[in-house]
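Examining the three-dimensional arrangement
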Amino acid sequence: MASYRELLARIREEIEEISAIEARERLESPDPPVFVDVREPDEWEEGHIPGAIYVPRGRLESRIEGLVPDKVRPLVVYCASGARSAFATKVLSEMGYTDVVNLAGGIVDWKRNGFEVTIPRVLSPEQRARYSRHLLIPEVGEEGQQRLLDARVLLVGAGGLGSPASLYLAAAGVGTLGIVDGDVVDESNLQRQIVHSTESLGEPKVASAKRTLEALNPDVRVVPFQERLTSENVERILAEGWDVIVDGADNFPTRYLVNDASVWHGIPVVHGSIYRFEGQVTVFDPARGGPCYRCLFPQPPPPELAPSCAEGGVLGVLPGIIGSLQANEALKLILERGEALAGRLLLFDALATTLDEVTVRRDPACPICGDSPTITEYVDYVEFCAGPVATER
Amino acid sequence: MTRVRIPPMLRAEVGGAREVEAQGETVGEVIEDLVERYPALRAQLYRDGDLGEFVNVYLGGEDVRTLEGLDTPVRDGSTLILLPAMAGGSPGVGRYEA
């Protein structure tokens, strides 16, 4: 049997400890260790060492391997005074972490030396409850959730694709959703456009969507643009600053306009399109080396090969699947997690239930994102898409 | 034989099939054989006697433009995917009415 004091003294002999001054030097080195804060939530919220990760002592064993999978990464463990973290340090060594040290004197000594602390932005108790399933995922967590709350996503279209995409982005807590759509809700929309309802018939889609999304999540602010996207208004709309564009347009002139504008503004586009039973999804992100829409489709098809859903029809659930995939890609781009769909085009066939993938490469000769761009300002997109191909016939 | 995946907007020209078969040593020959079997496709895919720029053709998941184009050799039993762009989504976002 050992008392607490005896146990602590024994543990301290078995682990390595460093001073606040030594810890600061390591933090400022080119390859700093991971600082692990093992205190209680209220202590963390009052301020922590910059860049530290947070795992309360009671969750340390179950969470640390998710947060730091690489067991040879150097760790500096700390609490308030260095006692709780001494036990944590011992446990981490036993779990196979090969380079783990305790910060003697804890954050109290760190502060006494006048070293910097970060006061974290904290989620309210309501947000903590609402986003609890996100907070449990290491890839999101509290930091990721704050990113989502700070993020600004522009949805082009509040129709079949924009409905599920906007609902999931709002539910996820993406703080600002811009929506561009000039239409009103029509009865024929309700078979698939689930952000609207029978009550919103005749109402502008942006107003109907705003009401639904803000009712779903009061953390979300919807910025409505009740207009069709054109060369004349695109700069004004993009000037509000967007992290990601979710493109759910139904026509080629708008697709090419969204592409050119996003390339010039360096904004990634999550592209989705649907027809009858088939959907396509990809990410265009030339700012990070990926291809753009013009690399994939240098020329729009002639109008007879480009029927809209209004002409050809669409299975109601298909935009639900494709729009949800778009929301997934948008969330990953915001969180900077996972493998983005840039450079890959997914082809979903709802009748056969198959998912195919083809490669999309950046075209060095692309007139917009290529090595020597030949298109440097907005063109007449309607004329471009009506094009010589159509007039020849 | 090569399997050719037909996009939904071209299925009326092949009797509604999702996939049909055609023969040839190269991508160009397979497509030429395809339009001979389904003559209605020719008007949809060809412009001025050549395969239209607006049709993407994939072999083994790669755009044949990044391979050897229509001269790309095709092995027996492989699958070609024909893929024109699709626009479908929300009609309220652009001034263009299809």
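Model, not experiment: these values are computed from the prediction.

Examining the overall build of chain B
- Secondary structure assignment for chain B yields two helices and seven strands.
- Along chain B, helices (α) and strands (β) appear in the sequence β-β-α-α-β-β-β-β-β when read from the amino end.
- Buried positions account for 39% of the 98 residues belonging to chain B.
- Within chain B, contacts between residues at least 6 apart in sequence are counted, and of these 51% link residues at least 24 apart.

Section: the overall build of chain A
- Across its full length, chain A carries 17 helices and 13 strands.
- The proportion of buried residues among the 393 residues of chain A is 44%.
- A fraction of 68% describes how many contacts in chain A between residues 6 or more apart in sequence connect residues 24 or more apart.

Quick look at the packing of helix α1 (residues 4-14) of chain A against helix α5 (residues 84-94) of chain A
All names here are of chain A.
- For the pair α1 and α5, the least separation of the axes is 9 Å and the interaxial angle reads 50 degrees. It follows that α1 is oblique to α5 by the angle criterion. Note on packing geometry: the crossing formed by α1 with α5 is left-handed. Contacts from Leu-8, Ile-11, Arg-12 and Glu-14 of α1 reach α5 at Ala-86, Phe-87 and Lys-90.
- Per-class residue counts for the contact of α1 with α5 are four nonpolar, no polar and three charged.

Looking at the interface of chain B and chain A
- Counting residues at the interface gives 28 residues for chain B and 54 residues for chain A.
- A class-by-class count of the residues in the side of chain B that touches chain A yields 13 nonpolar, nine polar and six charged.

Section: the environment of Val-36 of chain A
Residue and element names in this part refer to chain A.
- Summarising the element assignment, Val-36 is placed in strand β2 (residues 34-37).
- Classification of Val-36 by C-beta neighbours within 10 Å gives buried; the count is 26.
- Once the C-alpha coordinates of Val-36 and Val-100 are considered, the two residues, 64 residues apart in sequence, prove to be 9.9 Å apart.
- The contacts of Val-36, once residues within four sequence positions are left out, are Ala-52, Ile-53, Val-55, Leu-75 and Val-77.

Focus: the confidence of the model for chain B
Residue and element names in this part refer to chain B.
- Overall, the prediction assigns chain B a mean pLDDT of 86, with 88% of residues at 70 or greater.
- Counting contacts from residues 94-98, a segment whose pLDDT is below 50, to residues more than four positions away or on other chains yields 20 contacts.
- What the predictor reports for the complex is a pTM of 0.79 with an ipTM of 0.88.

Overview of the pairing of strand β8 (residues 221-225) of chain A
- As defined by bridge partners, strand β7 (residues 176-180) of chain A adjoins β8 of chain A across five bridges and the pair is classed as parallel. When the bridges of β8 of chain A are listed, Gly-178 of chain A appears paired with Val-223 of chain A.

Comments concerning the domain arrangement of chain A
- On domain assignment, one finds that chain A holds domain 1 (4-112) and domain 2 (151-391).
- Centre-to-centre separation of domain 1 of chain A and domain 2 of chain A, based on C-alpha positions: 45 Å.

Some details on the sheet that holds β7 of chain A
Residues and elements named next belong to chain A.
- Spatial strand order, β8-β7-β6-β9-β10-β11-β12-β13: eight strands in an open sheet with mixed pairing. The two strands at the open ends of the sheet, each matched to only one other strand, are β8 and β13 (354-359). When the angles between neighbouring strand axes are averaged without regard to direction, this sheet yields 15 degrees.
- Strands in contact with helix α11 (residues 205-216) are β7 and β8; relative to β8, the strand with the most contacts, it is inclined by about 175 degrees.

Section: the pairing of strand β5 (residues 100-103) of chain A
Residue and element names in this part refer to chain A.
- Neither face of β5 is left uncovered, since the one carrying Val-100 and Asn-102 and the one carrying Val-101 and Leu-103 both have all their residues buried.
- Relative to β5, strand β1 (residues 16-18) runs parallel, the two sharing three bridges. Looking at β5, one finds that Glu-16 is bridged to Val-101.
- Of the pairings in the sheet, the one linking strand β4 (residues 75-78) to β5 comprises three bridges and is parallel in character. If you follow Val-77 over to β5, its bridge partner there is Asn-102.
- As a crossover connection, the stretch from β4 through α5 into β5 is right-handed.

Let's talk about the confidence of the model for chain A
- Of all residues in chain A, 97% have pLDDT values of 70 or greater, and the mean over the chain is 93.
- With pLDDT under 50 throughout, residues 389-393 of chain A is counted as low confidence; its partners more than four residues away or in other chains account for eight contacts.

Regarding the packing of helix α10 (residues 162-171) of chain A against helix α16 (residues 317-335) of chain A
Residue and element names in this part refer to chain A.
- Packing of α10 against α16 leaves a shortest axis separation of 7 Å and a crossing angle of 40 degrees. Classed by the angle they form, the pair α10 and α16 counts as oblique. Taken as a pair, α10 and α16 cross one another with a handedness that is right-handed. Facing Gly-162, Ser-163, Pro-164, Ala-165, Tyr-168 and Leu-169 of α10, the residues of α16 in contact are Pro-319, Gly-320, Gly-323, Ser-324, Gln-326, Ala-327 and Ala-330.

Here we look at the sheet that holds β1 of chain A
Residues and elements named next belong to chain A.
- Here five strands make up an open sheet; going across it, the order is β1-β5-β4-β2-β3 and the pairing parallel. The strands lining the two open edges of the sheet, one partner per strand, are β1 and β3 (53-54).
- Here two bridges tie β2 to β3, and the two strands are oriented parallel to one another. Bridging from a neighbouring strand, Asp-37 pairs with Tyr-54 of β3.

Some thoughts on the nonpolar core
All names here are of chain A.
- Grouped together as the largest cluster of nonpolar side chains are 94 residues, with contacts concentrated most on Val-153, Leu-177, Val-244 and Ala-330.
- In terms of residue count, α16 provides more of this core than any other element does, nine residues in total.
- Ignoring anything within four residues of it in the chain, the contact list for Val-153 reads Leu-169, Val-174, Leu-177, Trp-242, Asp-243, Val-244, Val-246 and Ala-330.
- Ala-20, Leu-60, Val-76 and Ala-88 belong to the second-largest nonpolar core, a separate cluster that totals 26 residues.

Looking at α10 of chain A
Residue and element names in this part refer to chain A.
- Here α10 lies mainly inside the structure; eight of its 10 residues are buried.
- Along α10, the residues classified as buried are Gly-162, Ser-163, Pro-164, Ala-165, Ser-166, Leu-167, Leu-169 and Ala-170.
- Within two residues after α10, Gly-173 carries a phi angle of roughly 90 degrees, on the positive side.

Structural notes on unusual backbone geometry
Residues and elements named next belong to chain A.
- The backbone phi angle of Thr-353 is positive, close to 50 degrees, even though this residue is not glycine.
- Tracing the backbone shows Thr-353 in the loop between β12 (344-349) and β13.
- What makes Thr-353 exposed here is the crowd of 8 C-beta atoms within 10 Å.

Thresholds applied
- Residues numbered from 1 in each chain as written.
- Chains lettered and ligands numbered in written order.
- Predicted model: local features only at pLDDT ≥ 70, side-chain atom pairs only at ≥ 80, totals over all residues.
- Helix = DSSP H or I, 4+ residues; strand = E, 2+ residues; numbered from the N terminus.
- Buried ≥ 20, exposed ≤ 12 C-beta atoms within 10 Å, placed from the backbone.
- Contact = placed C-beta atoms within 7 Å.
- Axes fitted to C-alpha atoms, helices over the stretch in contact; angles between N-to-C directions.
- Parallel < 35°, antiparallel > 145°, perpendicular 65-115°, else oblique.
- Left-handed = near helix turned anticlockwise from the far one by under 90°.
- Nonpolar A, V, L, I, M, F, W, Y, C, P; charged D, E, K, R; others polar.
- pLDDT = per-residue confidence, 0-100.
- Pairing = 2+ DSSP bridges.
- Domains from an automatic or database assignment.
- Right-handed = clockwise from strand over helix to strand, strands pointing away.
- Core = buried A, V, L, I, M, F, W, Y, C linked by C-beta atoms within 7 Å.

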